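Architecture and fold: a report
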Amino acid sequence: MIRRFPFVSRNQQPLSARHPALLQRWEKSKISCALWAPSSSVRSLAASTIAGNGSDDDPSLSDNRQLERVDVQRSDGEVRWRYYKGFPDRHQELPTYVRQLGPAVLANPHINKGTAFLWSERERFHLRGLLPARMVSMEDQTDRVVEEFREGAWDKAARDPNDEMVSAGLTPDNIRKWEYLTGIQGQNETLYYRVLLDNFEEMASVVYTPTVGWACLNFSRMFRVARGMYFSSRDKGHMVSIAYNWPSHEVDAIVVTDGSRILGLGDLGMNGMGISIGKLDLYVAAAGFHPARVLPCVMDVGTNNDKLLEDKNYLGLSQRRLEGEEYLQVMDEFVAAVKARWPKVIIQFEDFRTEYASKLLERYRHHHLCFNDDIQGTAATALAGIYAGLAAMDKPYSDIRHLRFVVCGAGSAGMGVVLWLCKAMERHGADPEEAARNFWILDADGLMTTARGDSFDETTRRFARPEGGDGLNDGANVEEVVTKIRPEVLLGLSGAGRIWSPETITALAEGTERPLIFPMSNPSHKSECSAEDAAKYAEGRGIFASGSPFDDVTYKGKVLPSNQSNNLYVFPGLALGAKLCQATLVTDGMIMAASEALASCNHPEDLVKGRIYPGLSDVRSISARVAAAVMRQAHSEGIASHPKAVAVMDREARDDDDDEQADGEEEDDKKRTLLERYILNQMYYPAYTPLAYVPPGVLE
Ligand SMILES: NC(=O)C1=CN([C@@H]2O[C@H](COP(=O)(O)OP(=O)(O)OC[C@H]3O[C@@H](n4cnc5c(N)ncnc54)[C@H](O)[C@@H]3O)[C@@H](O)[C@H]2O)C=CC1
Ligand SMILES: CC(=O)C(=O)O
Ligand SMILES: [Mg+2]
């Protein structure tokens, strides 16, 4: 039973003192009122009144507010009472004139309290889900502001030898740029997205990896304007109604993370919200989703990161992660809630730790429109890079079945890529056993062999190498494996940083003319090797593709391209294609189509130079190509249902798209298929629209 004492306010008088009758009524009715214990005199009066009325019961709280116990002294004994930590000294009653609800309250500077909104206020003003779960006091808020005022985040990072990203090379200037762009995004989304679209190649590394990694690490500290929705395990049983707190009736895409494995940075809990925001920025800029129709989400089920649990600025739930059935139930409720409100929404699962990533994907992919970016998006991207690498060597895609791969990392991303490459080999005629024999997979304990017995899960078992085979035992390190096997491809999805020594890269290059070197871990300092090292130790012969961007390298006077093998090439187009044709599911066929479409985006003259992923300056064309392939595949599988999109695809299939190309069209446009032009036309373009009638001619 919650006991909240009806003290009031403005003249610092307890209501009970002036209106004993009211107090009695309250006692009888058990009406809940806001507790206020603003000053010691009032607190002691409260205490005596409570005690006097025989109410010195320990007011146990059935809700989950973070309270701090306060001992209130009375002359004849001690009475315990509780009040909110940091509750303001001068109580301001909830302004009854407030008629706004939800985001309007957060956007109203007169009444906004941000993370200091009490649970009851969040409930009453429809704010649940719009703020991180942790309630902080105004004192904590002011401390954070003053800290930030005295020492800006990027300034501090620059000086902090313990800031892992800055010490690994992320420049404070990038952080400044991130803060600046985020500020614009909070004020004017049209401007923000125009700037991002027009300068995508330059700015992707700021709003996305690597800088977004830093933004996630510091998300709570930098928290200013709430974006997206914050579901937490505390919301169990209420998620559908909380979904209705979001102002938009139309949401096309959701990116959700539980923050358990953000890039290669580990468990960042609620701070993982930064990655959902960053990914959806790319949905808008790269694929033309409307910014008002995308929804970044975090599912806060706690964190196992001790540093965060001890951090007073951390805004997520200060508890260890939910596990097992309890966790799955919360995720089920989240999916059901967002699907109930937005039945056609596509859900992208992002940065879930391996333990749950595939489990969740299997749980939902057969019934809901969803995909896992780290498993499926990464796999499609890596395969496209391998195909393009073969093309760069003037070899057919079918040669993939003759390539040998050493892969560091057996998590959801690593195994997702391996399974996908196997699938591609099977498409080109290899049988599953033969395909699996092309892989040597290492995890944190080194080469995985049959010596590990039953410790493998279903997926990895078939890839365990025979113990002692090729002269390699279980646990062999990457250098030994590469030296013995001499593979054509070295892939890294370990998140372990620079684990490929010069000797490893040299051994790789000794075995093959053009080694494919793919250190795909993020952010930059988690990459298994740098572009410079790859160039130097492979003597400029390798084709390099990393997860986060590296500058091109000049080696002996020759410019070697540094490709970026990142799922950003796939997820925007994949989601766009699925949305535009209103597919019911995301199938393997659609993902394979995305891979092949991406590989086809390269120009032959770039391939020759070793540029195996297309430049990002015209990222929308890439997304349109990927989306078109995804739509055609969905249509061929009979799961595309949008009438207009289906009509365009049917028309395209009848091969009568010539008449669509008007004279004087851009040269680029002529090269596009009818469906690609249709897709580009559907994209949101960030430009100001008149908000009031302007008579013709007046504007000038
Ligand atoms: N480029 C891209 O588009 C993408 C990159 N990634 C990156 O892949 C990395 C891994 O992601 P997950 O699989 O989800 O993580 P995870 O933590 O589940 O898996 C990491 C795997 O690497 C292994 N590992 C750790 N240290 C190792 C070492 N020294 N040598 C060999 N293996 C080692 C672990 O045993 C585990 O199997 C992250 O850094 C992430 O940023 C993930 C998705 C997309
Ligand atoms: C790129 C990405 O999704 C990751 O590193 O997790
Ligand atoms: Mg990811």
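Residues numbered from 1 in each chain as written. Chains lettered and ligands numbered in written order. Predicted model: local features only at pLDDT ≥ 70, side-chain atom pairs only at ≥ 80, totals over all residues. Heavy atoms only, no water.

An unreviewed UniProt entry annotates the chain as Malic enzyme of Sargassum muticum. Entered under Sequence similarities (unreviewed entry) in the UniProt record, the comment concerning the chain runs "Belongs to the malic enzymes family." (UniProt positions renumbered as here; feature names shortened; annotations may be inferred.)

**Examining the coordination of the magnesium ion (ligand 3)**
Only E350 (OE), D351 (OD) and D374 (OD) from the protein reach the magnesium ion (ligand 3) as donors, at distances of 2.0 Å. Donor residues for the magnesium ion (ligand 3) sit on one chain with the sequence pattern E-D-x22-D. Judged by relative accessible area, E350 falls into the buried class, the value being 1%. (Donors = N, O, S within 2.8 Å, 3.2 Å for Na, K, Ca; no water. Buried < 20%, exposed > 50% of the residue type's maximum accessible area, 1.4 Å probe, protein only.)

**A short note on the UniProt feature "domain: Malic enzyme NAD-binding" (unreviewed entry) in the chain**
As annotated by UniProt and renumbered to match this structure, "domain: Malic enzyme NAD-binding" (unreviewed entry) occupies residues 375-635. As a span, residues 375-635 carries 43% helix and 12% strand, and end to end its C-alpha atoms are 23 Å apart. (Helix = DSSP H or I, 4+ residues; strand = E, 2+ residues; numbered from the N terminus.)

**Quick word on the state of the cysteines**
Considering all chains together, one arrives at zero disulfides under this definition. You can see C216 has no disulfide; the closest cysteine sulfur is in C297, sitting 15 Å from it. In this structure C216 comes out as buried when scored by relative accessible area, which is 0%. (Disulfide = S-S within 2.5 Å.)

**Re the pattern of salt bridges**
By the definition in use, this model includes 39 salt bridges. Between R452 and D474 there is a salt bridge; the shortest N-O distance is 3.0 Å. Of this pair, R452 sits in the loop between β10 (446-447) and α22 (458-461) while D474 sits in the loop between α22 and α23 (478-485), placing them 22 residues apart in sequence. The exposure class assigned to D474 is partly exposed, which follows from its relative accessible area of 28%. Taken together, the shared-partner salt bridges connect E148, E179, R221 and R224 into one network. (Salt bridge = Lys/Arg side-chain N within 4 Å of Asp/Glu carboxyl O.)

**As for the UniProt feature "active site" (unreviewed entry) in the chain**
Following the UniProt record, one finds the feature "active site" (unreviewed entry) at Y208 and K279. Taken along the chain, the residues just named run across 72 residues; in space they keep tight, none of their C-alpha pairs more than 7.2 Å apart. Accessibility expressed as a relative area gives 2% for Y208, which makes it buried. Ignoring any residue separated from it by four or fewer positions in sequence, one finds Y208 in contact with K279, L282, N566, N567, L568 and F571. (Contact = heavy atoms within 4.5 Å.)

**Overview of the site of ligand 1**
Close to ligand 1 lie 28 residues, the nearest being R261, T354, T378, A444 and N567. Backbone polar atom of A413 to an oxygen atom of ligand 1: 3.0 Å apart, as the coordinates give it. Within the backbone of N567, a nitrogen or oxygen atom sits 2.9 Å from an oxygen atom of ligand 1. In isolation ligand 1 has 870 Å² of accessible area, and contact with the protein removes 83% of it. With three residues, helix α20 (residues 412-427) is the largest single contributor of residues to the shell around ligand 1. (Near = heavy atom within 4 Å. Polar contact = N/O pair within 3.5 Å; in protein donor to acceptor, adjacent residues only side chain to side chain. Areas by Shrake-Rupley, 256 points an atom, 1.4 Å probe, with all protein chains shown as cover.)

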